[in-house]
Amino acid sequence: MQFRRLRVPDAYEFSPRAFPDDRGLFVAPFQDDVFRAAAGHPLRLGQANHSVSRRGTIRGLHFADTPPGQAKYIYCPRGSLLDVVVDLRVGSPTFGQWDAVVLDSREFRAMYLAEGLGHGFAALEDDTVMSYFCSEPYNPTGEHGITPLDPTLALPWPTDIEPVLSDKDRNAPTLAEAVDRGLLPVYADCVAYYDKLRSAN
Ligand SMILES: Cc1cn([C@H]2C[C@H](O)[C@@H](COP(=O)(O)OP(=O)(O)O[C@H]3O[C@@H](C)C(=O)[C@@H](O)[C@H]3O)O2)c(=O)[nH]c1=O
């Protein structure tokens, strides 16, 4: 399995090999040795998540108070989606920068987003499944969002879909409003937390 650093630091893409045969297919979307080589520490597992989305659904952008934040290791076992990571860490040299990767059930690419990064995705097909491992359990009071349609971010959502959003995501603040409200993670806190995770291993 190969890994690649994304344009947003502390986010990675993983490309496992799939083994098709007469019975179907085998693939290992998460592999500990490659993950450690990328992130510099093991993946911690606080919760495993699975969501099903119809075409056009956009979920996000979500992020959690850091530390401890909620890092995510994501893949798509059915359908296809455009996964987007945004640097929401105040003080980051790449603040506001995003990257996007298509995850699907043909190549089984995976993404890792470290704590403090913003995450969202668009389902490109009906019945698209996102499976993801989270470093921490869900903390509803510590999870926040900004609107994925913020024109300042200009995220690369497909133009041929009718966006389907939750009320929560539709009514979420813009990036500028989130800055004003002091909602966003602080880059120095995130980096200190990554260093702590790396030095513990
Ligand atoms: C995420 C989550 C939701 N829920 C509940 C809350 C709510 O009633 C229902 C749906 O929640 P949401 O609308 O927040 O689900 P969703 O919009 O799918 O939220 C997810 O979006 C993507 C982009 C992420 O990055 C995830 O971390 C997560 O925030 O499920 C949990 O009980 N535990 C969880 O871990």
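Just so it is clear, the model here is predicted, and its values are computed rather than measured.

Calculation rules
Residues numbered from 1 in each chain as written. Predicted model: local features only at pLDDT ≥ 70, side-chain atom pairs only at ≥ 80, totals over all residues. Heavy atoms only, no water. Pairing = 2+ DSSP bridges. Helix = DSSP H or I, 4+ residues; strand = E, 2+ residues; numbered from the N terminus. Axes fitted to C-alpha atoms, helices over the stretch in contact; angles between N-to-C directions. Contact = heavy atoms within 4.5 Å. Near = heavy atom within 4 Å. Polar contact = N/O pair within 3.5 Å; in protein donor to acceptor, adjacent residues only side chain to side chain. Areas by Shrake-Rupley, 256 points an atom, 1.4 Å probe, with all protein chains shown as cover. Nonpolar A, V, L, I, M, F, W, Y, C, P; charged D, E, K, R; others polar. Buried < 20%, exposed > 50% of the residue type's maximum accessible area, 1.4 Å probe, protein only. pLDDT = per-residue confidence, 0-100. Salt bridge = Lys/Arg side-chain N within 4 Å of Asp/Glu carboxyl O.

Peer 1: Any chance you could break down the sheet that holds strand β10 (residues 110-113) for me, citing the residues and the numbers?
Peer 2: The strand order across the open sheet built from six strands is β1-β2-β10-β7-β12-β5, with neighbouring strands paired in antiparallel fashion. At either margin of the open sheet sits one strand with a lone partner, and together these are β1 (2-5) and β5 (47-53). In this sheet, neighbouring strand axes are inclined to one another by 20° on average, regardless of whether the strands run parallel or antiparallel. The pairing of strand β7 (residues 72-78) with strand β12 (residues 128-134) spans five bridges and is classified as antiparallel. Bridge pairing in β12 links K72 to C134. Contacts from helix α1 (residues 32-39) reach β1, β2 (11-15), β7 and β10 within the one sheet, and its direction differs from that of β2 by about 150°.

Peer 1: Give me the sheet that holds strand β11 (residues 118-123): which residues, what numbers.
Peer 2: The strand order β9-β8-β11-β6-β13 describes an open sheet built from five strands, whose pairing is antiparallel. This sheet does not close on itself; its edge strands, each paired only once, are β9 (98-104) and β13 (143-145). Sheet twist, expressed as the mean angle between neighbouring strand axes with direction ignored, is 25°.

Peer 1: Describe the site of the ligand, and please don't skip the residues or the numbers.
Peer 2: Around the ligand, the structure places Q47, N49, R59, G60, H62, Q70, K72, H119, Y132, Y138, E143 and K168. Between the ligand and the protein, one listed contact pairs an oxygen atom with a side-chain N or O atom of Q47 at 2.8 Å. A distance of 2.9 Å separates an oxygen atom of the ligand from a polar side-chain atom of K72. Surface burial for the ligand is 67%, taken as the share of its 660 Å² of free accessible area covered by protein chains. For the shell around the ligand, the leading source of residues is strand β6 (residues 58-64), giving three residues. Of the residues in the shell around the ligand, the class split is two nonpolar, six polar and four charged.

Peer 1: Explain unusual backbone geometry to me, using residue names and the numbers behind them.
Peer 2: In this chain, G60 is followed by L61 through a cis amide linkage whose omega measures -5°. For F108, which is not glycine, the phi torsion reads 60° and is therefore positive. Along the chain, F108 turns up in the loop between β9 and β10. With relative accessibility at 8%, the residue F108 sits in the buried group. Unlike most non-glycine residues, D127 shows phi in positive territory, near 60°. Residue classification places D127 among the partly exposed positions, given a relative accessible area of 46%.

Peer 1: Let's hear about the confidence of the model for the protein chain: which residues, and what values?
Peer 2: Considering every residue of the protein chain, the mean pLDDT works out to 97; 100% of them sit at 70 or more. The complex model carries a pTM of 0.97, and its ipTM stands at 0.98.

Peer 1: Break down the environment of S105 for me, with residues and values.
Peer 2: Among the secondary structure elements, S105 is positioned in the loop between β9 and β10. Measuring from C-alpha to C-alpha, the distance between S105 and T147 comes to 27 Å, with 42 residues separating the pair along the chain. Setting aside residues no more than four positions away along its own chain, S105 makes contact with C76, P77, R78 and G79.

Peer 1: Requested: an account of the pattern of salt bridges, with residues and values cited.
Peer 2: Across all of its chains, the model carries 11 salt bridges by this definition. A salt bridge links R89 to D10; the shortest N-O distance between them is 2.8 Å. Taken together, the residues R89 in the loop between β8 (80-86) and β9 and D10 in the loop between β1 and β2 connect sequence positions 79 residues apart. Both residues of the pair, R89 and D10, belong to the buried class. With its nearest N and O atoms 4.0 Å apart, the salt bridge here joins D10 to R198. Of this pair, D10 sits in the loop between β1 and β2 while R198 sits in helix α4 (residues 187-199), and the two are 188 residues apart along the sequence. Residue classification places R198 among the partly exposed positions, given a relative accessible area of 30%. When salt bridges with common partners are traced through the structure, they connect D10, D87, R89 and R198 into a single cluster.

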